[in-house]
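Descriptive analysis of the structure
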2 protein chains.
Amino acid sequence: MSEHVFKQFDLDLEAIRTHILEMGGLVEQQLARAIEAFGNGNRELMQQVIAGDQKVNRMEVDIDAECTRLIAKRAPAAGDLRLVIAISRIVTDLERMGDKAVKIAKMSTKLYETQRLHLPRLAEVRHCGELSLTLLRKTLDALARMDAVAARTVIGEDAVVDEEFNAILRQLITYMMEDPRTISEALDIIWIAKALERVGDHATNIAESVVYVVSGTDIRHSGAGTASDAA
Amino acid sequence: MSEHVFKQFDLDLEAIRTHILEMGGLVEQQLARAIEAFGNGNRELMQQVIAGDQKVNRMEVDIDAECTRLIAKRAPAAGDLRLVIAISRIVTDLERMGDKAVKIAKMSTKLYETQRLHLPRLAEVRHCGELSLTLLRKTLDALARMDAVAARTVIGEDAVVDEEFNAILRQLITYMMEDPRTISEALDIIWIAKALERVGDHATNIAESVVYVVSGTDIRHSGAGTASDAA
């Protein structure tokens, strides 16, 4: 590539990197708001999360189009191509995380609207939410710095979210058995906890993509890096 | 491109297309076996599904590597690049469908091993399984023929699977309320139904990728083609 083309490629790539980190920030905000709203019943916040999903979706489509354009125009080789392909995958995982935030907001709306709360507000679910959010933040940090070591740490920590999810599930089953009137409400909370558990899986996927970019190794399904399917 | 390079590109692309259809066939088999085993309690079949996932995972990594190599080597333009990028996305969806087959096999193993079956064998779940399987088959057919019209049909039909899932959920809640001893078992069946519902979502994603390849339009989040998050 001539120096001019080379510089243009770097500029395009930098723009895409900026956009994906912006998208990551937006998804982090969506998730934080959804968890907060589940905890305090703030309907306005729930509505904001549901409305905010449109922007997340648009960013997915836009960044994907940017990636395809960049590959078509500049024909990047080796490391650069790996990066662009990884970004395209990461965008999908971020969008799915955004869907989980919406899921939590919708289920919270249902919980607070249609039912008297029979169950305690489940500090464990909020704790699971904090764990997922921390995992997402660490993942975005590893992505911003393209830090494979930090990414591998995230992959290991997802197991904690899975354990928390399973503990919540056991607890809710106990509540349901003791008082069948709580069944419907407990199920709604299970869907919220499940959404949080899935956020952890998507964080793992993104971390695996970071390792792929840095080291060139595809570590999916290698044992260390497999998103476990809890429950 | 010279004629020689052009031919080589076509051969490489044809190889990738063959591999992804092979992978689709394998995932279809995995899902069919998982649904059958849930229905008849065949433990050996459940084990086969769980063991078979390794092959699905390997195919994902291999085909993805083929796609990256093809882009790096041949720098395809326009339609061809779209196809390769779409294949890379489709591979991810197929692998996730394979995970759902494993989930169904594992949950079925748990159901038949650790618990006496209090619940009827739920013909509705098997019916939902048939619907998901049919959707997967239609999707693979649309993919093999690169048929955008058939793909759009799949996208519409996913709503039927979602409805079926919601009906199963309501039915299981009724059972749980009537007899709290069924709660744990009912939850396991809910995870199976949820896995089937997710298969429909992934079929929708693949169908959207087919439309993208054929028409060049990204129809994700356009309303017609959004994988709904049931429950």
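Residues numbered from 1 in each chain as written. Chains lettered and ligands numbered in written order. Predicted model: local features only at pLDDT ≥ 70, side-chain atom pairs only at ≥ 80, totals over all residues. Heavy atoms only, no water.

1. Examining unusual backbone geometry
Although it is not a glycine, A:A75 sits at a positive phi angle of roughly 40°. Of note, A:A75 is situated in the loop between α2 (43-74) and α3 (78-114). If you check the backbone angles, B:H221 has positive phi at about 65° while not being a glycine. Looking at the secondary structure, you find B:H221 in the segment after α6 (183-215). Given the relative accessible area of 25%, B:H221 is considered partly exposed. (Helix = DSSP H or I, 4+ residues; strand = E, 2+ residues; numbered from the N terminus. Buried < 20%, exposed > 50% of the residue type's maximum accessible area, 1.4 Å probe, protein only.)

2. Remarks on the interface of chain A and chain B
When the parts of a complex come together, some accessible area is lost, and that lost area is often used as the size of the interface. Between chain A and chain B, the contact holds 36 residues from the first and 36 residues from the second. Both faces combined, the contact of chain A with chain B buries some 3300 Å², and carbon together with sulfur accounts for 62% of it. Applying the counting rule to chain A against chain B returns six salt bridges. Between B:R89 and A:D64 there is a salt bridge, and its shortest N-O distance comes to 3.0 Å. The tally of links between chain A and chain B comes to 10 residue pairs in polar contact (both at pLDDT 80 or more). Taken together, the elements giving at least two residues each to the side of chain A that touches chain B come down to α2, α3, α5 (148-178) and α6 (183-215) of chain A. Taken together, the residues of the side of chain A that touches chain B break down into 20 nonpolar, five polar and 11 charged. (Contact = heavy atoms within 4.5 Å. Buried area = accessible area lost by both parts, 1.4 Å probe. Salt bridge = Lys/Arg side-chain N within 4 Å of Asp/Glu carboxyl O. Polar contact = N/O pair within 3.5 Å; in protein donor to acceptor, adjacent residues only side chain to side chain. Nonpolar A, V, L, I, M, F, W, Y, C, P; charged D, E, K, R; others polar.)

3. So, the state of the cysteines
All chains considered together, the criterion is met by zero disulfides over all chains. Here A:C67 stays unpaired: no disulfide links it, and the sulfur of B:C67, its closest cysteine neighbor, is 15 Å away. On the accessibility criterion, B:C67 (2% relative accessible area) is buried. (Disulfide = S-S within 2.5 Å.)

4. Some details on the environment of B:V214
The topology assignment puts B:V214 in helix α6. Excluding anything up to four places from it in sequence, B:V214 contacts B:R82, B:M146 and B:A148.

5. Let's talk about the packing of aromatic side chains
One pass over the full model with this rule turns up three aromatic pairs over all chains. On the basis of an interplanar angle of 65° and a centroid distance of 6.1 Å, the ring pair of A:W191 and B:F165 is categorised as edge-to-face. Taken together, the residues span two chains, with A:W191 in helix α6 and B:F165 in helix α5 (residues 148-178). Relative to B:W191, the ring of A:W191 lies with its centre 5.7 Å away and its plane at 80°, an arrangement referred to as edge-to-face. Linking A:W191 in helix α6 with B:W191 in helix α6, this pair reaches from one chain into another. Connected via pairs of aromatic rings, a cluster forms that spans A:F165, A:W191, B:F165 and B:W191. Residue placement shows B:K103 over the ring face of B:W191; its charged tip is 5.6 Å from the ring centre. (Phe/Tyr/Trp six-rings, centres within 6.5 Å; stacked < 30°, edge-to-face > 60°. Lys NZ or Arg CZ within 6 Å of the ring centre and 35° of its normal.)

6. Brief notes about the pattern of salt bridges
Tallied over the full model, the rule gives 28 salt bridges over all chains. Two residues, A:K194 and A:E197, come together in a salt bridge whose shortest N-O distance is 3.2 Å. With A:K194 and A:E197 both in helix α6, this residue pair falls three residues apart, about one helical turn. One salt bridge connects B:D218 with B:R220, and the closest N-O pair in it is separated by 2.8 Å. Using a relative accessible area of 12% as the deciding quantity, one classes B:R220 as buried. Through salt bridges with shared partners, one network takes in A:E60, A:D64, B:R89, B:D218 and B:R220.

7. Some points on the relation of the copies chain A and chain B
Aligned on chain B, chain A shows an RMSD of 0.0 Å; the corresponding rotation is 180° and the shift along the axis is 0.0 Å. Both copies of the chain, as the preceding transformation shows, are related through a two-fold rotation axis. Every residue of chain A has its C-alpha some distance from the rotation axis, and the shortest such distance is that of A:A75, at 2.8 Å. The fraction of interface residues of chain A whose copies in chain B are also interface residues reaches 100%, indicating that both copies meet through the same surface. (Least-squares fit on C-alpha atoms with pLDDT ≥ 70 in both.)

8. Considerations on the layout of surface pockets
Of the pockets and cavities examined, the second largest pocket occupies roughly 200 Å³. Around the second largest pocket, the lining is made up of 14 residues, and of these A:R82, A:Y212, A:G216, B:A65 and B:T68 lie nearest the centre. Contributions of two or more residues to the lining of the second largest pocket are made by α3 of chain A together with α2 (43-74) of chain B. Top element by residues in the lining of the second largest pocket is α2(B). It accounts for six residues. (1 Å grid on protein atoms, 1.4 Å probe; cavity = no way out; pocket = protein on both sides within 12 Å on 5 of 7 lines; lining within 4 Å. Points joined across faces, edges and corners; volume = space filled by probe spheres on them.)

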